[in-house]
Amino acid sequence: MTIFSRRDALKFSAGLTLAAAAGGFSCVEIASAAPIEVPTIDRLSVRVLVDSASDVFFKPQAVGGVKTEPGRSSDPKRPLHSEWGLSLYLEPERGDDKRTFLLDFGWTPETINGNMELLKVDPSRIDTLIMSHGHFDHWGGLLGFLERHRRALPADLTMYAGGEDNFCQRYVRMGAQSELSDFGMLDRRDLAKQNVKVVLCEQPVVIGGLAFTTGKLKRSSIEKVLPNSLVEFKLKDGAGCNASHYLPAEMEGKIVPDEHIHEHATCFNVRDKGLVVISSCGHVGIVNSVRQAMEVSGIEKVHAIMGGFHLGPAPADYLKLVVGEIAKLNPDVLIPMHCSRLNFTEEAMRQMPGKVLTTTTGSRITFGI
């Protein structure tokens, strides 16, 4: 793989930036991807700010050179809150170079803001924001988080998002009649009001000199996108997403099953350990995500696979096949979270004994120990 300098990689990242324009944002894109220089880090700490379960009896664990520790509320009369969603506070280190990234923001601002306070997590240390995909349970807390903490964050705050479809209108079917219900749409003008710069990571991008994203995922495994939300590719009155950017013109305005065209994974290369691949929801497939990280980095060793894998709704036979494909990747550690669900964890423990670590809201996970 051709290697560019870190400066070249950062120039490439900057070239994807969405710049503020009259009435909204205009997208400045680069047609072809430049290779990136994947950074190596010494250590990575991950604090689970928001996840779907709480466990006050959680005990420290260690598997494959990775350890998990419980996180407790600093106020015995106020518990940490769990909700369907995910938010991770990432702290990579290389020598004296330390950064802090906030990956996704949970469903509600009350949960992410409250848990940060109870865990005594300092929002002013956050350098960069990362958004995995356009589902409300991953960005619903974002604007409320910014309203409370924007002044404490860097003046040139950047959020790395997968692609244009992150800003589409989404729906879910509810009730006995399966009627369409609004599942949210992130309006870029709200980010502009908070002076947040947005970078579209349709191609692999280096973040803060210590992390990298997969870019758009190739769909080469047996995996398929399981039923989830529906999406409307439409741009109206400055809100929504530009359908013509991705789809044939006849698709504009139609409501279709969500294929998560530009969901991406956040990745780290831990020295002497290998890749840590974080899939916040994994709609496009966790195996596809890991394979993409391996291709982008040129690194075959997978140290850890973690995050949401969206296999909760998977039929048993399909789940068994996917876990078998994960096992072939031979990670040292597998850390299921959020939408992975208990059925996945049980099957993974059966096929990959001694490799599965569990977590809970508030947990700290440490790599490179």
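Residues numbered from 1 in each chain as written. Predicted model: local features only at pLDDT ≥ 70, side-chain atom pairs only at ≥ 80, totals over all residues. Heavy atoms only, no water.

As enumerated under the stated definition, the model contains four aromatic pairs in all. For the pair W107 and F183, a centre-to-centre distance of 6.2 Å together with 75° between the ring planes defines the contact as edge-to-face. In this pair, W107 is assigned in the loop between strand 8 (101-103) and helix 2 (109-118) and F183 in the loop between strand 12 (179-182) and helix 5 (188-193), connecting sequence segments 76 residues apart. Residue F183 is classed as buried on the basis of its relative accessible area of 13%. Both rings, one in F136 and one in F183, keep their centres 6.4 Å apart while their planes meet at 55°; by these two values the pair is tilted. Remark: F183 occurs in the loop between strand 12 and helix 5 and F136 occurs in helix 3 (residues 136-139); sequence separation between them is 47 residues. Aromatic ring contacts, followed pair by pair, group W107, F136, W139 and F183 into a single cluster. The lysine or arginine in question, K224, covers the ring of Y318, its NZ or CZ lying 5.2 Å from the ring centre. (Phe/Tyr/Trp six-rings, centres within 6.5 Å; stacked < 30°, edge-to-face > 60°. Helix = DSSP H or I, 4+ residues; strand = E, 2+ residues; numbered from the N terminus. Buried < 20%, exposed > 50% of the residue type's maximum accessible area, 1.4 Å probe, protein only. Lys NZ or Arg CZ within 6 Å of the ring centre and 35° of its normal.)

Here strand 5 (residues 66-69) shows a buried face lined by V66 and T68 and an unburied face lined by K67 and E69. Two strands pair when backbone bridges link them, and strand 4 (residues 61-63) and strand 5 are joined in this way by three bridges, in the antiparallel orientation. Bridge assignment links Q61 to a residue of strand 5, and that residue is T68. In this structure, the hairpin formed by strand 4 and strand 5 is closed by a connection of two residues, where G64 is found at a positive phi of approximately 55°. Direction of pairing for strand 5 relative to strand 24 (residues 364-367): antiparallel, over a ladder of four bridges. Bridge assignment links E69 to a residue of strand 24, and that residue is R364. (Pairing = 2+ DSSP bridges.)

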